[in-house]
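Remarks on the overall topology
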Protein chains: 2
Amino acid sequence: MDNHFTIGLDFGTNSVRALIVNVANGQEYGSFIYNYARGDAGVVLDRSDANLARQHPQDYLRGIEITIDQALEQAATKNGFSRKNVIGIGVDTTGSTPLPVNAAGTALALTPEFQDDPNAMAWLWKDHTAHAEAEEITAAAARMRPQYLAKCGGRYSSEWFWAKVLRASRVAPKVFDAAHTWVEIADWIPAVLAGKTAPAALRRGVCAAGHKAMYNPQWGGFPDDQFLAALDPRLGRVRQSLGDKCYSIAESAGGLSAEWAAKLNLPEGIPVAVGAFDAHLGAVGAGVGPGTLVKIMGTSTCDITVSPLDSSLADVPGLCGIVPESVLPGDFGLEAGQSAVGDIFNWFVNIIKPGGDEQATHANLTAAAEKLQPGESGLLSLDWHNGNRTVLVDQRLTGLIVGLTLTSTPAEIYRALIEATAFGARVIMERFEEFGVKVQRVVNCGGIAARSPMAMQIYADVMNRPLALSRSTQTCALGSAVAAAVVAGKSRGGHESFPSAVKAMTALQDKVFTPQPAAAQVYERLYRLYRNLHDAFGVRDSKQDLYPVMKELLDIRDRVRAK
Amino acid sequence: MDNHFTIGLDFGTNSVRALIVNVANGQEYGSFIYNYARGDAGVVLDRSDANLARQHPQDYLRGIEITIDQALEQAATKNGFSRKNVIGIGVDTTGSTPLPVNAAGTALALTPEFQDDPNAMAWLWKDHTAHAEAEEITAAAARMRPQYLAKCGGRYSSEWFWAKVLRASRVAPKVFDAAHTWVEIADWIPAVLAGKTAPAALRRGVCAAGHKAMYNPQWGGFPDDQFLAALDPRLGRVRQSLGDKCYSIAESAGGLSAEWAAKLNLPEGIPVAVGAFDAHLGAVGAGVGPGTLVKIMGTSTCDITVSPLDSSLADVPGLCGIVPESVLPGDFGLEAGQSAVGDIFNWFVNIIKPGGDEQATHANLTAAAEKLQPGESGLLSLDWHNGNRTVLVDQRLTGLIVGLTLTSTPAEIYRALIEATAFGARVIMERFEEFGVKVQRVVNCGGIAARSPMAMQIYADVMNRPLALSRSTQTCALGSAVAAAVVAGKSRGGHESFPSAVKAMTALQDKVFTPQPAAAQVYERLYRLYRNLHDAFGVRDSKQDLYPVMKELLDIRDRVRAK
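Summarised in this report is the structure supplied together with it. (Residues numbered from 1 in each chain as written. Chains lettered and ligands numbered in written order. Predicted model: local features only at pLDDT ≥ 70, side-chain atom pairs only at ≥ 80, totals over all residues. Heavy atoms only, no water.)

1. A closer look at the overall build of chain A
Note the threshold: To qualify as a helix, a DSSP run of H or I must reach at least 4 residues; to qualify as a strand, a run of E must reach at least 2; elements of each kind are numbered from the N terminus. As a reference, a globule follows 2.2 Å times the number of residues to the power 0.38, and the radius of gyration itself is taken over C-alpha atoms. Whether two residues are in contact is decided by their heavy atoms, any of which lying within 4.5 Å being enough. By the counting scheme adopted, Arg and Lys are positive, Glu and Asp are negative, and His together with the chain ends is not counted. Note that the charge is assigned to NZ on lysines, CZ on arginines, CG on aspartates and CD on glutamates.
Of regular secondary structure, chain A possesses 20 helices and 20 strands. A compact globule built from 563 residues should have a C-alpha radius of gyration of about 24 Å, and chain A, at 23 Å, falls within 12% of that. Taken along the three principal axes of its C-alpha coordinates, chain A extends 65 × 55 × 50 Å. For chain A, contacts bridging at least 24 residues in sequence account for 73% of all contacts bridging at least 6. Averaging the locations of the 53 positively and 58 negatively charged side chains of chain A gives two centres separated by 1 Å.

2. Overview of the sheet that holds strand E12 (residues 292-297) of chain B
All names here are of chain B. Condition: Here, strands pair whenever DSSP counts at least two bridges between them. The convention used is that axes are lines fitted to C-alpha atoms, helices contributing only their stretch in contact, and that angles between N-to-C directions extend from 0 to 180 degrees.
On the basis of which strands lie adjacent, the open sheet formed by seven strands has the order E14-E15-E13-E12-E18-E19-E20 and mixed pairing. Each end of this open sheet is capped by a strand with a single partner; those strands are strand E14 (321-324) and strand E20 (508-513). Going across the sheet, the axis of each strand differs from the next one's by a mean of 25°, ignoring polarity. Pairing geometry for strand E13 (residues 301-308) and strand E15 (residues 331-338), over eight bridges, is antiparallel. Following the sheet pairing, Thr305 is matched in E15 by Leu334.

3. Overview of the relation of the copies chain B and chain A
Spelled out, the test is: Superposing the copies works by least squares over the C-alpha atoms of residues that have pLDDT at least 70 in both of them.
With an RMSD of 0.1 Å, chain B superimposes on chain A once it is rotated by 180° and translated 0.1 Å along the axis. When the rotation and shift are considered jointly, the pair of chain copies conforms to a two-fold rotation axis. In terms of C-alpha distance to the rotation axis, chain B has Gly356 of chain B as its closest residue, with the C-alpha 1.6 Å off the axis. Interface overlap between copies: 100% of the residues of chain B at the interface are likewise at the interface in chain A, consistent with a symmetric, same-surface contact.

4. Points about the interface of chain B and chain A
The following threshold applies: Accessible area that two parts lose when put together, evaluated with a 1.4 Å probe and summed over both, is termed the buried area. Note on definitions: salt bridges are taken to be side-chain nitrogens of Lys or Arg within 4 Å of carboxyl oxygens of Asp or Glu.
In this assembly, 59 residues from chain B lie in contact with 59 residues from chain A. Surface buried jointly by chain B and chain A totals about 5,100 Å² across both partners, of which 64% is contributed by carbon and sulfur atoms. When residues of chain B are sorted by the area they lose upon contact with chain A, Leu406, Arg525 and Leu553 of chain B head the list and together hold 14% of the total. Our count for the contact surface shared by chain B and chain A stands at eight salt bridges. For the side of chain B that touches chain A, the secondary-structure elements that each account for two or more residues are helix H12 (342-352), strand E17 (399-404), helix H14 (410-434), helix H19 (517-538) and helix H20 (547-562) of chain B. The element contributing the most residues to the side of chain B that touches chain A is H20 of chain B, with ten residues. Bridge count between strand E17 (residues 399-404) of chain A and E17 of chain B: five bridges; the pairing is antiparallel. Looking at E17 of chain B, one finds that Leu400 of chain A is bridged to Val402 of chain B.

5. Notes on the pattern of salt bridges
Residue and element names in this part refer to chain B. Here is the rule: When a residue's accessible area, from a 1.4 Å probe over protein chains only, is under 20% of the maximum for its type it is buried; when over 50% it is exposed; and in between it is partly exposed.
What the rule picks out here adds up to 62 salt bridges over all chains. Arg426 serves as the salt-bridge partner of Glu430, at 2.9 Å between the closest nitrogen and oxygen. Placement of both Glu430 and Arg426 in helix H14 is noted, with a separation of four residues, approximately one turn of the helix. Residue classification places Glu430 among the partly exposed residues on the basis of a relative accessible area of 26%. We classify Arg426 as buried; its relative accessible area is 8%.

6. Things to note about the packing of aromatic side chains
Applied cut-off: Aromatic rings from Phe, Tyr and Trp, with only the six-membered ring used for Trp, were paired whenever their centres fell within 6.5 Å, and each pair was classed as stacked if the ring planes differed by under 30 degrees, edge-to-face if by over 60, and tilted otherwise. For a ring to carry a charge above it, either NZ of a lysine or CZ of an arginine must fall within 6 Å of the ring centroid while also lying within 35 degrees of the normal to the ring plane.
Under the definition given, this model contains 35 aromatic pairs over all chains. When the ring of Phe5 of chain B is compared with that of Tyr29 of chain B, the centres are 4.8 Å apart and the planes differ by 65°; the resulting orientation is edge-to-face. With a gap of 24 residues between them, Phe5 of chain B in strand E1 (residues 5-11) and Tyr29 of chain B in strand E3 (residues 28-35) connect regions that are remote in the sequence. Accessibility assignment for this pair places Phe5 of chain B and Tyr29 of chain B in one class, buried. Aromatic pair Phe5 of chain B and Phe81 of chain B: ring centres 4.8 Å apart, planes at 65°, arrangement edge-to-face. In this pair, Phe5 of chain B sits in strand E1 while Phe81 of chain B sits in the loop between helix H1 (57-76) and strand E5 (86-93), placing the two residues 76 residues apart along the sequence. The same class applies to Phe5 of chain B as to Phe81 of chain B, namely buried. Aromatic rings pair up to connect Phe345, Trp347, Phe348 and Tyr414 of chain A into one cluster. Above the face of the Phe176 of chain A ring, Arg237 of chain A is positioned so that its terminal group lies 5.3 Å from the ring centre. Note that Lys245 of chain B overlies the ring of Tyr247 of chain B, its terminal NZ or CZ placed 4.7 Å from the centroid.

7. A short note on the pairing of strand E19 (residues 467-470) of chain B
All names here are of chain B. Every second residue of E19 is oriented toward a common face, with Leu467 and Leu469 on one face and Ala468 and Ser470 on the other, all of them buried. Where strand E18 (residues 441-445) lies against E19, three bridges are found, and the strand directions are parallel. For Asn444, the partnering residue across the bridge sits in E19 and is Leu469. Where E19 meets E20, three bridges bridge the pair, whose relative direction is antiparallel. Residue pairing across strands places Leu467 opposite Phe513, the latter belonging to E20.

Spelled out as structure tokens, the structure:
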């Protein structure tokens, strides 16, 4: 019997990866990473506005070609591989990362007029220029449509679709007027591969729409015109362009176009799965299911779990979203996350760079931090260097470190930063459980889980439960490949359903990190202190004088920089 | 007419300096620094106890010889200098830095039995091992002798004499039993030079006794036996050894002994002034007087002013001390201070070392930080890396930084640390003024004032008043030389009083740092936020959850390290 293969394409913050997987057993035959060429490691920044983060769609197109080509070359050296047995492609991306496109579905930044305009590029998930608009949307929804907020944690985020579109309408009128519509790159890239970027043909995924654009079948799809008009009458046109129906990843965005089939030397017409966010397909690649919480740890972290559609599920305050079928067909998808995790460690290594280039490596700092006992440094940090996504849903928060003395070392600070992210992870887990979403097992995946056993042990000790690791270190791309296998279907050599595809293609490692009681006890005390800081700086409460501190500092900074 | 000269000896945390000064005009003829040989830059540390900091008296003795010898050699190359025209020696030291001595006045650490025992060395001012004992003394005084506390800011500090002696009685019984008495090095060193270390001959200065050992003529000298017995009955013996009378710096500790005269090749019998703390004599060297606040900025900072003895002066909560004649005869001396200033900047440069050896210099970080506008970084820091001396009088506080983002740079943090110390300085100035001690002019001296115009401008902007600089960069040693000139007296070629000596021997620089209104306005906002953090973490208040955070972190740290 022939082997059959699918391709998972995973678009991250700094790079895109292609992975070629045997659908029978999940074996990875080829893989290649392309680092985006533009900006600062793929991210276009603006020194005068620390909130701005954009990406150029040209980097995405170039990434598709190079990574698939090179991964196929690699696969071709393995026994049993043949290009003609590639039966589907799946796509995951960062998000909410909306891209303005013209009436033909061409990204504005790919047209000569707008090619160097950051406002015409993709507004990357971590772009926070729309914080004022997010507040406005939250206020309007609280007044007019509380049900919209209930499904996204009680606050609309500056990272999300409508905040960014509303912001563009104000600061980039030329782009806004030229844009026929705005498309999440999770939807745009499958449409590109299928040659279906034209608005009438494009299929939007329920994942991006539901978690970031207030789409929910419960209220008939995207938000209604009256609500949007209260924000800005011109949003009605955008609403119109989105259509009424969104699709799960069990469905096809279209067959691979002749043009791309030729470019990639792959069979024309093989299905391209509807796209979804990296964390959601990462959860699929790590074996998510009811009772399993998957943590995808990278530059930021996503926490994903699911709950059967027929279960009675409370709204969970502070969660990024509760969306029917946003992860797996048949289940609610629940998403939480931390706005920065690896990014914080990288900041310390690459920007603070303690001791200089040679000393300031993750390996050196980890080696020194590993020798420290929990609590030994006397340091405690908040992991809000890029805001707080869950449970505070507030980008206008910042990092903090307390306990500094004249002998505090870089390794102590490095460890405190890791511990801070673990405390943040525990806040999220506790919030799920408080609202009845049981967490029976935790599976970690992503780069940090693979590279830092110390971080994993700290997480196990802080969360005080065993942590498993996914076998693949590329679960997002693997999840995309799983989706491709389901969309291809059993008749073409794929799978009939997600449960069978997940069972065949994903697995856990043997190694499990088990909490150490002595460490867990110290972290219990430190966690209570973390919660004190968390609530004092993060929760609006007239008893406290500290809630305004981070916000005023950002306000002062922004005024000074704007001068 | 012959020139006449005095020698100022200034014992700092890491080194000792000798300065040879012409008493007619303050001109500096010779100067030499000796870096202590022992421990870490002169400070004996203990990795298992971050609170411990000791100094070996052998380093002091060696320092006297080398620095005076070399400074005299240097002076001898100048016109008009002659060793026979040296008319007196003055001494200032760190404090409270008590040293256990035997019945002959010999430091225990200079005897074979105790030579390597840190508990037998000088307990350096920044040793905080006695924090529990300080709390105990504060509690006992609050109960039994509130007047003792009123003159030292309401809390007895772990840096001070009785806390350290009580601590020694508990953790170092052999040292405690072998010690006939404990002597501040400010008193011990003049006694060494005069050959009068024997307890009956030794003259203790009112500066150390009054600010650190609860000495006050108002209640008959040192604390009474009943109070001390409540702490530990064995303290009665120590109390007995201290005598009842202390002396101001206008008096002589004795004439230079034959032994030291020979060793230093100086006239035998020239007067050695009673010793005082570096900051106090630094204030004298900077021209202190009623209405003038002198800030001696170095590794830590002292703020000194005086108020006439006949003025009605309220007790000022949080001040390190209000002591009759502790600075100048005829005035109350008022002392405040910050536990770490330059030490914090040095910590960032030497321990965090951002960017490595070549990049992490004060010069480079200053050059980059100078380009930043006030408020531009969005960062705010607390300057408590070594506790808070004034106004909280609490060593169990730690440093904090808030506002960190993924783009925060080392230069931004460096500037935030400098700003934090300026905010701390403003808290002190405001406390003086709140209680009726007017500050008409501020004079800065010490290493930082000399080396960092950026820091001085930040201080001027934050405190929102003009800052003058002392002409000498060695005001502590200069103040000691001034005292020596007064003790020598007019008949021997010195001065008849402090006002005439100060007028002749000290001066200000022409350069004055003037507040910039735009910067002062931003700092006004930042200072309010600083006060929010200051009060939330530093003031016990049932409304706030944050007061215990720093203390619990230190408690957890100390327990883990003790294991």
